[in-house]
Structures are given as C-alpha cells and as structure tokens.
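Inside the fold
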Amino acid sequence: MREPARPRDPRDRRLLLTGRPGVGKTTVLRRAARLLEGLPIAGFYTEEIRHPGGGRVGFRGVTFDGLERVIAHVDRPGPPRVGRYGVDVTAVDRLAVEALETGEQDAIRLIDEIGKMECFSERFVASVRAILDLDAIVVATVALGGGGLIAEVKRRPGSVLCEVTPRNRDALPERIARRVRLLAGDAADQLF
C-alpha cells in the first residue's frame, strides 16, 4: 500500500533572493532561468540601460519571451522618481500584465525585481500578491530594504529568503534550478 503524498509546504515553492545592490541578484535569476529551459516560465528581469560612454541612464524590463519596456530613465521627468530616474508607471503596468498575468497557469514565475521602482505600479503590486496567493513556484529578487510590498513579501508565510552574496552567487543558479525542477515534478528537497 502506498503512503499518501506529503502535503506541499508553501515555503518550498517561493524563494526570495535579496542582497545589496550590485551583488548579482539579477544575474543569479537569469542564469537559473537558462538552466530551467524546457519548463514553462513567465516573468521578467531588469537590465541597466547604459550611455555609450558607459554611465547608467535607466532600466528596462525584459520578459522571458523577449518583450522589452523602459521602466525608468534619467530623461523621464517623473514623478515618481527613484534617485535620478523618472519611473514610467504605465510601462511597469504593461510589464506586469505581459509577464506575470499571462502565460500558462502552472508556469514558474521569475520576478526581477520586487523593488521601489516596480512598486509604484498598483497593477504590479496586485499581480505579485495574486501570484503569491497561488500554489505557483516563484523565484523573485527583492530589495534588501524597503516597506510596503517589499517588506510584506519577506514577512509573508511561505516565503524563503536567501541572501545573495559574492561568496554564494556562483553556486545559486544551479541550486535554484535543481530545487525548481524537483518542485515542478512534485518532489521536494531541502537545498536552502
């Protein structure tokens, strides 16, 4: 006689990557996404927009199926603003719809990042909350500090917080991919 399946623990299904700015959270998430090739993925990552002279002038969100939106730029007047960047809330709204609210129901959600710029969008905040309420596998980067949704997702039952550091960042993509693949197959393993 087979034993009943172990109930899923929601903490096994939501991994939040945090750390100092520039430590490599986005790189970890993008490398993990490449290792998850073949599984259904929905979400986005952010990348810097650089001036030809090398200085950073903004940020764009890129969905994992290739759509791009400029979400913040020094030439955008704002409000809202984060530092010297004016945030395009409409672009963040569209990114939330395109990357988080569409796609397969059982898609693994990869979100980069739950941060101050993105949280100016009520649509983004609502989308993240809805995804966290699902039984979906979620890997998200989240700002090290901040209130509102940033603090909420860290306190939320079922979230496992992992700090990305220079010491662990090279090994994390493989560990994340292994964990996600096990979860996608209904197997659980304590890797963190």
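That block above? That's the structure.
Anyway, here's the lowdown on the structure attached to this text. Because the structure is a prediction, the values reported are computed rather than measured. (Residues numbered from 1 in each chain as written. Predicted model: local features only at pLDDT ≥ 70, side-chain atom pairs only at ≥ 80, totals over all residues. Heavy atoms only, no water.)

**Regarding the pattern of salt bridges**
Between side chains of opposite charge, pairing is possible as soon as their charged atoms come close. Test applied: Salt bridges are counted wherever a side-chain nitrogen of Lys or Arg sits within 4 Å of a carboxyl oxygen of Asp or Glu. What counts as a helix is a DSSP run of H or I of at least four residues, what counts as a strand is a run of E of at least two, and both are numbered from the N terminus. Each residue gets one of three labels from its accessible area relative to the maximum for its type: buried under 20%, exposed over 50%, partly exposed in between, using a 1.4 Å probe on protein chains only.
For the coordinates displayed, the defined rule picks out 12 salt bridges. Taking the shortest distance from any N to any O, the salt bridge between R129 and E152 comes out at 2.7 Å. Of this pair, R129 sits in helix α3 (residues 122-133) while E152 sits in helix α4 (residues 148-155), and the two are 23 residues apart along the sequence. Residue classification places R129 among the partly exposed positions, given a relative accessible area of 36%. Residue D133 is joined to R156 by a salt bridge in which the shortest nitrogen-to-oxygen separation is 2.0 Å. Of this pair, D133 sits in helix α3 while R156 sits in the loop between α4 and β9 (160-163), placing them 23 residues apart in sequence. Note on D133: relative accessible area 57%, which makes it exposed.

**Focus on unusual backbone geometry**
Excluding glycine, a negative phi dihedral is what most residues carry, and trans is how most peptide bonds are arranged. Between P79 and P80 the backbone carries a cis peptide bond, its omega angle lying at 0 degrees. Examined against the element boundaries, P80 turns out to sit in the loop between β4 (68-73) and β5 (81-82). D112 connects to E113 through a cis peptide bond whose omega is 20 degrees. With respect to the helices and strands, the residue E113 is situated in strand β7 (residues 108-114).

**Overview of the packing of aromatic side chains**
The condition that has to hold: Side-chain rings of Phe, Tyr and Trp (the six-membered ring for Trp) are treated as a pair once their centres are within 6.5 Å; stacked means planes under 30 degrees apart, edge-to-face means over 60, and tilted covers the remaining angles.
Here the structure, examined in full by the defined rule, presents three aromatic pairs. Between Y45 and F64 the ring centres are 5.5 Å apart and the planes differ by 55 degrees, which places this aromatic pair in the tilted class. Note that Y45 is positioned in strand β2 (residues 41-50) and F64 in the loop between β3 (56-63) and β4, a separation of 19 residues in sequence. Here the aromatic rings of F59 and Y85 are separated by 5.2 Å at their centres, their planes lie at 70 degrees, and the arrangement is edge-to-face.

**A word on the side chain of T63**
Selection rule: Residues adjacent in sequence count toward polar contacts only when both atoms are side-chain atoms; beyond that, a polar contact is any pair of N or O atoms within 3.5 Å, and within protein one must be able to donate a hydrogen and the other to accept it. What makes two residues a contact is simply this: any of their non-hydrogen atoms within 4.5 Å.
Here T63 is to be found in strand β3. Classification of T63 as buried rests on a relative accessible area of 3%. Polar side-chain contacts of T63 include one of 2.4 Å to the side chain of D65. Dropping the residues within four chain positions of it, T63 is found in contact with G43, F44, L95, E98 and A99.

**Topic: the sheet that holds β2**
Rule in force here: Pairing between two strands requires that DSSP report at least two bridges joining them. Axes, fitted as lines to C-alpha atoms, cover a helix only where it is in contact. Angles between the N-to-C directions of the axes lie from 0 to 180 degrees.
Taken together, the nine strands give an open sheet; going across it, the order is β5-β6-β4-β3-β2-β7-β8-β1-β9, and neighbouring strands pair in mixed fashion. The open sheet has two edge strands with one neighbour each: β5 and β9. Direction of pairing for β4 relative to strand β6 (residues 85-87): antiparallel, over a ladder of two bridges. Within the sheet, the bridge partner assigned to H73 lies in β6 and is G86. Relative to β4, helix α2 (residues 89-100) is tilted by about 145 degrees, and along the sheet it contacts β2, β3, β4, β6 and β7. Each of β1 (14-18), β2, β7 and β8 (138-142) is contacted by α3, which is oriented at about 140 degrees to β7, the strand it contacts most.

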